[in-house]
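# Structural features, examined
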Amino acid sequence: MGRLLGDEHSNSPQALLERSRRPGRSMGSFARALEDFFTLHGLALPTDQAERLAVGRRRRRIDAVPEPLQQAVIAFDAFRMRAQQRARRAGTRPRSNHTLETALTILRDLALFLISQRNKNDWALVDVHDVEAFLATLPKARKRRLVVLGQFFRFARAQHIVLIDPTRNMTSKSSKGFRGRTLTLDQQRCLFRRWTTNEEVHPHEAVVGMLALLHGASSSEARMLQVNDVDQQAQTVRLGKRPHPVPLDPASWTVLQRCLDHRQAWRTDNPHVVVTKGTKAGRSPASTAYLSHVLDDCGFPPRMIRSTRLVDMVNTMDPKLVAAAFGMDPQATLIYLADHVDEGRLPAP
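Every chain is numbered independently, its residues counted from 1 as its sequence is written. Side-chain atom pairs in this predicted model are given and counted only at pLDDT of 80 or more, local residue features only at pLDDT of at least 70, and totals for whole chains, interfaces and linings cover all residues. Excluded from the side-chain calculation are hydrogens and water; included are all heavy atoms of the structure.

### Observations concerning the packing of aromatic side chains
For clarity, the cut-off: Note on aromatic contacts: the rings of Phe and Tyr and the six-membered ring of Trp form a pair at centre separations within 6.5 Å, being stacked when their planes are under 30 degrees apart, edge-to-face when over 60 apart, and tilted otherwise. Helical segments are the DSSP runs of H or I of at least four residues, strand segments are the runs of E of at least two, and each set is numbered from the N terminus. Two limits define a charge over a ring: the Lys NZ or Arg CZ must be within 6 Å of the ring centre, and within 35 degrees of the ring normal.
Per the counting criterion, the structure on display carries eight aromatic pairs. Here W123 and F153 contribute two aromatic rings whose centre-to-centre distance is 6.0 Å and whose plane-to-plane angle is 80°, an arrangement assigned as edge-to-face. Of this pair, W123 sits in the loop between helix 6 (97–116) and helix 7 (128–135) while F153 sits in helix 8 (residues 142–158); the two residues are 30 residues apart in sequence, bridging distant segments of the chain. Across from the ring centre of F326, 4.1 Å away, lies the NZ or CZ of R242, which sits over that ring.

Structural data, given as structure tokens:
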């Protein structure tokens, strides 16, 4: 800071923030701390670091597309970016950068597959058999991939890049029922004892695990949970978009207090409950990658633990009540009822 204040350039907060940024994919911890401080006090506007990183990620995916097929992917990306900007100006829901990058990843993989496996270097030569062969390489991702490919080939046909859309009559061929894995009752008991009795378990693992196991909290809800969302008197927390505070049982409350004590030792102004070494100097939440690996030591992924709770609640309660309590769309809970009939509700023979 002293070096920046002592040079010949402007000392306004916005100028200091721009000059503090390091070149490359990371702006540096110092620049992040300055950005958090200046934006919190209304002294400067946020940087465009996130957009710069998104541009770099899209560029790397496009560069990996073989040359004969690359121009169509570049045009499709530009088309989607214009649509994103229009949605932002109109105040509607624009596609996220992650969605745009996922689409480019799928097109990159298809282009590499066409060149290496089908010996085709022109989009106009692609037929339904090529698309089916590509989708067969990852059957579980068929639905997501087919949606992206349908969007791309409709665009390509409108731009006269192809004459026929090979995905026009293709379907995902997948049921909407829940197909994920769940925990057995013994596994749930083992995890409960691990997070409530083992003091060697990291507080972040314990709080994320308990919120998922008993309250069906997603990693995003745990990641965005802030200290102000915790009601010490009522012993409740506000999770994500849930319309009402979530009351915590004594075991969950004890684990949460242990996590808050861990956070207090950092001496941080970060408002979030889960604070890491990389976020203690700022105000941003822990990274998505950190939350995705925080339960690695227990041996079960967060989604599997959360799905176990949702399956149990939906099949023992009214799915509409579960959707209302979790702030979910009613259709989202119905997938957990697929192919399930409660034997206790069947008429006696």
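### A closer look at unusual backbone geometry
Our working rule: For every residue, the accessible area (1.4 Å probe, protein chains only) is compared with the maximum for its type, and the residue is labelled buried under 20%, exposed over 50%, or partly exposed between those bounds.
Positive phi values are uncommon outside glycine, yet N119 reaches one of about 55°. Among the structural elements, N119 can be located in the loop between helix 6 and helix 7. Residue N119 is classed as exposed on the basis of its relative accessible area, which comes to 70%. The phi dihedral of H160 falls on the positive side, at around 60°, and the residue is not glycine. Here H160 lies in the loop between helix 8 and helix 9 (185–197).

### Points about the sheet that holds strand 1 (residues 230–231)
Note the threshold: A strand pair is defined by DSSP finding two or more bridges across the two strands.
One open sheet holds the three strands; their spatial order is 1-2-3, and the pairing between them is antiparallel. With partners counted over all chains shown, the strands left at the sheet margins are strand 1 and strand 3 (246–247), one partner each. Bridging between strand 2 (residues 236–237) and strand 3 involves two bridges; their strand directions are antiparallel. When the sheet's bridge partners are listed, T236 is paired in strand 3 with P247.

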